[in-house]
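# Observations on the three-dimensional arrangement
So the chains spell out like this:
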Amino acid sequence: MKIVKRVRESLLLGSALEFQRDRLGLMMRVARECGEMGAFRVGPLRIIQVNSARLTEALLTEHDSMLSVGALGRLFVPVLGEESPLALDGEPHMRFRRASAPAFQPKRLIRYTQPMAEFADQFQRGLQDGATLNVEAAMVQLSRNIIAKTFFDESVEGEGVDVFSAAVDEVVAYLARMTARLVPIPLSWPLESNRRVRAAIEVLQSRLKQLIQQGREAGVDRGDFLSMLLMFRDAHGNGLSELQLQSYAMTTYFGGYVTIANTLAWLWLTLGAHPEIRTKLEQEAEAVLRGRLPTHEDLPKLPYALRVIKETLRLYPPLFLFGREPAGDLEVSGYPLRKGQVLLFSPYVLHRDPELFPEPERFEPDRFLPEKEKALPRGAYIPFGWGAHACIGQRFAMMEMHLAVAHLAQHLTFESLPGARTRPLALAVLKPDSANMVVRRRNGESTLLGARGVG
Ligand code: HEM
């Protein structure tokens, strides 16, 4: 039997303070000090962190049926609901996958390309040359508009938008606090912060109820995700319960934009520090699109944009950790794991394995040239997770990012502010700590012709 090494930590407090203050630093240290599997404590939780592609693959494929989402999955129940797929195992979880799968079929997804490209176009048209822009806030707005339209047939204009946005922000802040603690504070406790979160959840739930009601009354497939959920019938002819509809919709709404928005923000910020890579991306986009909106058929002709997105997801995976618990005792490659222990997988740490990604901190999209990507072992690159809970929105996300990046890159250059240095904040997702950039419009000024060329 192999022994899981423990990281150096306080006997009394474990690593709780370090986890609060600098969880990325702590998780990297666990990998350095302990090797392929390492243990640390946060309050009452003993956490086993999996640090190698080999063990990640073994656990999330071979042993996946023995893993439950456990305590970390249930962390978000107060917001996302009891039936959130992130908190479900076994048959109830399969019900979510079956009900949602039709909305993510390639044929369905292709129908979303036009609204995606149109929103990206509307966004770029609204920007002024030389303006300073917070790219994170801008990408949040863009991806929120897209998910609202494509998944809920919801216009994000009109009355109530500010109240709704404030409620979303309050809930995202709560999710961030939960990620920092790992042990939830019950929302029923009489704290001012809890009162605000409860009020925000109420706003979101009543809006969702309205949308569900409208969808029911319409009684037709409007092509959006909510329609698909409403039409779902299982083998016994039963539809989804109200709680299932609410929880599935809430999880998909949050999963569907916060992640994309932060990836896109990191992409522009990183390119700001790599003008030669940015120019290559802009040249590809201009040559293929020539000023028009991208379509689904254009995507295979934009391979560099795809590599830039993949490399951004390697260095800045929005979901930088996720957890599981063995449902019974098991042994993995000689390591004994006990029922109920918390297993932590960190794409942030796994993607920085110097054996698999030499000079891991260097931004190098060509790591994802097809032959190099194929050579990566399974379990080495998991920005969308793996196994039964692997991201159901992966294709949707890649398509939206690919279209948006190519379209924006053919019109705009986002430049870093002088001296800017951005660091990751590990909140509910991996966020940039500062995100202001200067927008340059290249109307008519082609990067291809070298007008702004940097090499
Ligand atoms: C850059 C974009 C995205 C990233 C990096 C990402 C990442 C992830 C990861 C790592 C998981 C697994 C969590 C776990 O195992 O506990 C996950 C699950 C999930 N994601 Fe995404 N996601 C993205 C976009 C989306 C989009 C666009 C949607 C919906 C439109 C979505 C909906 C979901 C849902 C519903 C789950 C739960 C799946 C389940 O438990 O069966 N995600 N995502």
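Model, not experiment: these values are computed from the prediction.

This part covers the sheet that holds strand β5 (residues 132-134). Within a sheet, neighbouring strands are paired by backbone hydrogen bonds and run either parallel or antiparallel to one another. Ordered in space as β5-β13-β10, the three strands form an open sheet in which the pairing is antiparallel. The open sheet has two free edges, formed respectively by β5 and β10 (412-416), since each of these has just one partner strand. Each strand of the sheet is rotated relative to its neighbour by a mean of 45 degrees, with strand direction disregarded. Inspection of the sheet shows β5 paired to strand β13 (residues 436-441) by three bridges, in the antiparallel sense. Bridge pairing in β13 places L133 opposite M437. Sheet strands touched by helix α12 (residues 242-272): β10 and β13. Its angle to β10, the strand with the most contacts, is close to 70 degrees.

Another point: the coordination of the iron atom of the ligand. Donor atoms from the protein around the iron atom of the ligand number only one, C391 (SG), found at 2.3 Å. Among the secondary structure elements, C391 is positioned in the loop between α16 (370-375) and α17 (394-411).

This brings us to empty space enclosed by the protein. The tally for this structure, following the rule as stated, stands at one cavity of 30 Å³ or more. Roughly 1,100 Å³ of volume is contained in the largest cavity. Mapped onto the lining of the largest cavity, the elements with two or more residues apiece are α4 (70-74), α6 (90-100), α8 (135-152), α9 (161-181), α12, β6 (322-326) and α17. Per-class residue counts for the lining of the largest cavity are 35 nonpolar, 13 polar and two charged.

Another point: the packing of aromatic side chains. Aromatic ring pairs are described here by two measures, namely the spacing of the ring centres and the angle between the planes. Counted according to the given criterion, the structure contains 18 aromatic pairs. Taken together, a centroid distance of 5.0 Å and an interplanar angle of 80 degrees make the contact between F96 and Y248 edge-to-face. Linking F96 in helix α6 with Y248 in helix α12, this pair joins segments that are 152 residues apart in sequence. Each member of the pair, F96 as well as Y248, is classed as buried. A centroid spacing of 5.7 Å and a plane angle of 70 degrees characterise the contact between Y112 and F396, whose relative ring orientation is edge-to-face. Taken together, the residues Y112 in helix α7 (residues 106-125) and F396 in helix α17 connect sequence positions 284 residues apart.

In the vicinity of the ligand lie 30 residues, with H93, R97, R324, H389 and C391 positioned nearest. G255 is positioned such that a nitrogen or oxygen atom in its backbone is 3.4 Å from a nitrogen atom of the ligand. Counting residues per element, the ones that place at least two in the shell around the ligand are α6, α8, α12, β6 and α17. When residues in the shell around the ligand are grouped by element, the largest group, six residues, is from α12. Residues belonging to the shell around the ligand are distributed by class as follows: 19 nonpolar, nine polar and two charged.

Turning next to the sheet that holds strand β3 (residues 45-50). Ordered in space as β1-β2-β3-β9-β6-β4, the six strands form an open sheet in which the pairing is mixed. The open sheet has two edge strands, β1 (5-6) and β4 (67-68), and neither has a second partner. In this sheet, strand β2 (residues 37-42) lies alongside β1 in parallel orientation, the contact comprising two bridges. Directly across from R6, in β2, lies its bridge partner A39. With respect to the sheet, helix α2 (residues 23-34) is in contact with β1, β2, β3 and β9 (342-345), its orientation differing from that of β2 by roughly 140 degrees.

Parameters at a glance
Residues numbered from 1 in each chain as written. Predicted model: local features only at pLDDT ≥ 70, side-chain atom pairs only at ≥ 80, totals over all residues. Heavy atoms only, no water. Pairing = 2+ DSSP bridges. Helix = DSSP H or I, 4+ residues; strand = E, 2+ residues; numbered from the N terminus. Axes fitted to C-alpha atoms, helices over the stretch in contact; angles between N-to-C directions. Contact = heavy atoms within 4.5 Å. Donors = N, O, S within 2.8 Å, 3.2 Å for Na, K, Ca; no water. 1 Å grid on protein atoms, 1.4 Å probe; cavity = no way out; pocket = protein on both sides within 12 Å on 5 of 7 lines; lining within 4 Å. Points joined across faces, edges and corners; volume = space filled by probe spheres on them. Nonpolar A, V, L, I, M, F, W, Y, C, P; charged D, E, K, R; others polar. Phe/Tyr/Trp six-rings, centres within 6.5 Å; stacked < 30°, edge-to-face > 60°. Buried < 20%, exposed > 50% of the residue type's maximum accessible area, 1.4 Å probe, protein only. Near = heavy atom within 4 Å. Polar contact = N/O pair within 3.5 Å; in protein donor to acceptor, adjacent residues only side chain to side chain.

Any functional reading would require information that these geometric values do not contain.
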